[in-house]
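Residue-level structure breakdown
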Amino acid sequence: MTRERPAVLPADRATLLIEHASELATLGWSFGDGPRGGLWQGDPGLIHDGAIAVGGDGRVLAVGPTSRVRDAVDLAPKARIYNAGGCAIVPGFIDACAEAVVGDDDDSVTGRLAPRRRSMRPATDPVAAALALSEHDLVAQLWRRLDGLLLHGTTGIVLTSGYVLDPDDELALLRAVQAVTEVGPLTVVGAFRAAGLTPSEGRISPDEYVSLLTQELLPDVGEEELATLFALSADHTALSVEQCWRVLRAAQTNGLKRRLELSATSHPGVLDFAEEMGVGSIVLLDEPSEEDVLTLADTGLTVVLSVAADGIADWGKRCARRLIELGVPLALGTGGGPMGGAPSTMLDVLKLACGTLGLTPAEALVASTVNAAFGSGLGDDVGPLEPGKRADLLILNTPSYARLPYDLSDDPIRAVVKDGWLVVDQGARVA
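Residues numbered from 1 in each chain as written. Predicted model: local features only at pLDDT ≥ 70, side-chain atom pairs only at ≥ 80, totals over all residues. Heavy atoms only, no water.

**Focus: the sheet that holds strand S11 (residues 279-284)**
Our working definition: A pair of strands counts as paired when DSSP detects no fewer than two bridges linking them. Only runs of H or I of at least four residues qualify as helices and only runs of E of at least two qualify as strands under DSSP, and these elements are numbered from the N terminus. What counts as an axis is a line fitted to C-alpha atoms, over the stretch in contact for a helix, and the angles between N-to-C directions run from 0 to 180 degrees. Residue contacts are counted whenever heavy atoms from the two residues lie within 4.5 Å of one another.
In space, the eight strands of this open sheet follow the order S6-S7-S8-S9-S10-S11-S12-S13, with parallel pairing throughout. What marks the edges here is a single partner per strand, and that holds for strand S6 (93-99) and strand S13 (330-333). On average, each strand axis in the sheet is inclined to that of its neighbour by 25°, with strand direction left out of account. In this structure, strand S12 (residues 302-306) lies alongside S13, joined through four bridges in parallel fashion. Of the residues in S13, the one forming a bridge with Val304 is Ala331. In the packing of helix H8 (residues 312-325) onto the sheet, contacts are made with S11, S12 and S13, and the angle to S12 comes to roughly 160°.

So this is what it looks like as structure tokens:
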């Protein structure tokens, strides 16, 4: 499947009309265009007996009560009409931080990609297995993973590499991500992480690491457009504040958006100048201090809770509620950093957010869609279901979105629409 659609389809006439949804959670209307924080994080923007019309360019033409949408749009010849009676409609899930490589015991291993520069750290087993594949097989493995996520409602994802490997190995992983970014089944944001580095382990000095990043890796990533996002852990045991600044400036110079991963080893006070560094989002890998939480509230940045982070079942509930109380836009993702735990689908994340982290279904839905989109740099294109946005949406096997986190059925999602095309129906791929 490719996201390139025939140009002959009329953008101003509906090629797909989904109507009579019991609930249509637009996540729009009341707030405006931007991430939702505070009370707005809990506003689903509901329409009852809702409908959504999609033009030939794969974008939303109209959304509202079925009778109004029917009157407002013209149907293209052979337009598809989908009756969503008894179903709820929500935006597609956006995974705001996922790992580029996860464990997969089912994949075979073939010839290794040979490194050409000095190795910085031995690869972890899943990474070594991925790098043992040919370029074709590595892309195919990624494609199969994304295709499986699509069946579970994920329509967009941030795939992050950066495992302190040989630089050519990192570039090989990023090239595989680039391949699925261009034609894959999901909207993919490629991200490159400057992971933690401990000079005492004798691999490479901080100055050498900064030079490698600023003079080789980041220029290569920027020139080949292998990623659009750069994540930095700002580890005080590895790099000084001045070195972190140099790396972030190099990322900016090479056209990459910036993100910080905040953990127990991050520089104290690094959030104080995050905005000055051009940081657009913060990923929490450990529980932040109250001082950091208050600073986050002042920055207005979107904060991503990484559900595979260590101990999040213990600290995530109080952290999530405190952030929402302070009006901080909260997003969710499946990752846990370069050494994080097992991955999940966004459906699992939604259930964990409501069952363990104490979010309401509306708060979790906003965190998994609109806020995740803005925290990933996709907010101008996807997120709320409103005219002009890309038509990425889910039709649920339940009359209310609020039941989704508690649905124990094997197939809570009836259909998935990606870029205005019905790509999953009754739990199976159809396009």
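Resuming the write-up.
**A short note on the packing of helix H9 (residues 346-355) against helix H10 (residues 361-368)**
Convention followed: Handedness of a helix crossing follows the sense of rotation of the near helix relative to the far helix, less than a right angle counterclockwise being left-handed and clockwise being right-handed. Each residue is assigned to one class: nonpolar for Ala, Val, Leu, Ile, Met, Phe, Trp, Tyr, Cys and Pro, charged for Asp, Glu, Lys and Arg, and polar for all the others, Gly among them.
In contact at an axis separation of 9 Å, H9 and H10 are set at 140° when each is read in the N-to-C sense. Handedness of the crossing formed by H9 with H10: right-handed. In contact with Met346, Leu350, Ala353 and Cys354 of H9, H10 contributes Pro361, Ala364, Leu365 and Ser368. For the contact of H9 with H10, the class distribution of residues is seven nonpolar, one polar and no charged.

**Some details on unusual backbone geometry**
Applied cut-off: Using a 1.4 Å probe on the protein chains alone, a residue whose accessible area is under 20% of its type maximum counts as buried, one over 50% counts as exposed, and one in between counts as partly exposed.
The phi angle at Lys78 is positive, at roughly 65°, despite the residue not being glycine. Among the residues examined, Lys78 registers a relative accessible area of 86% and is labelled exposed. One non-glycine residue, Gln426, lies in positive phi territory at about 55°. Here Gln426 shows up in the loop between strand S16 (421-425) and strand S17 (428-429). Of the residues examined, Gln426 reaches a relative accessible area of 54% and is grouped as exposed.

**Quick look at the nonpolar core**
Here is the rule we go by: In this text, buried Ala, Val, Leu, Ile, Met, Phe, Trp, Tyr and Cys residues form a nonpolar core when linked through side-chain atoms within 4.5 Å.
Counting 115 residues, the largest nonpolar core has Phe230 and Ile282 as its most contacted members. Among residues more than four places away in sequence, those in contact with Phe230 are Phe192, Ala194, Leu218, Val247, Leu248, Ala251, Leu256, Lys257, Arg258 and Arg259. Judged by nonpolar contacts, the second largest core, of 20 residues, contains Leu16, Leu24, Val63 and Val417.

**Comments concerning the packing of aromatic side chains**
Going by this rule: Stacked, edge-to-face and tilted are the three classes for Phe, Tyr and Trp ring pairs, Trp counted by its six-membered ring, which pair at centre distances within 6.5 Å; planes under 30 degrees apart are stacked, over 60 edge-to-face, the rest tilted.
In the structure shown here, the tally under the stated rule is one aromatic pair. Ring geometry for Phe192 against Phe230: centres 6.1 Å apart, planes inclined by 40°, an arrangement best described as tilted. Taken together, the residues span a long stretch of sequence, with Phe192 in strand S8 (residues 187-194) and Phe230 in strand S9 (residues 229-232) at a distance of 38 residues. Exposure class is identical for Phe192 and Phe230. Each is buried.

**Details of helix H7 (residues 290-299)**
Quick note on the threshold: Of all possible arcs, the one meant is that of the directions from the helix axis to the C-beta atoms.
Residues of H7 that are buried include every one of Asp292, Val293, Thr295, Leu296 and Thr299, and no others. The buried residues of H7 occupy one face: seen down the axis, they fall within an arc of 160°. Residues of H7 that are exposed and angled more than 90 degrees away from the buried face: Glu291 and Asp298. Tucked inside the fold, the buried residues of H7 contact strand S10 (257-262), S11, S12 and H8. Within two residues after H7, Gly300 carries a phi angle of roughly 75°, on the positive side.

**What about H9?**
Of all the positions in H9, only Met346, Leu347, Val349, Leu350, Ala353 and Cys354 are classed as buried. Down the axis of H9, the sector holding all buried residues measures 160°, keeping them to one side. Tucked into the core, H9 has its buried residues touching S6, strand S7 (154-161), S13, H10 and strand S15 (413-418).

**A look at the pairing of strand S3 (residues 60-65)**
One ladder, built from five bridges, connects strand S2 (residues 46-55) with S3; its direction is antiparallel. Paired with Ala53 across the strands is Ala62, a residue of S3. The loop that links S2 with its antiparallel partner S3 comprises four residues; one of these, Gly58, has a positive phi angle of about 80°.

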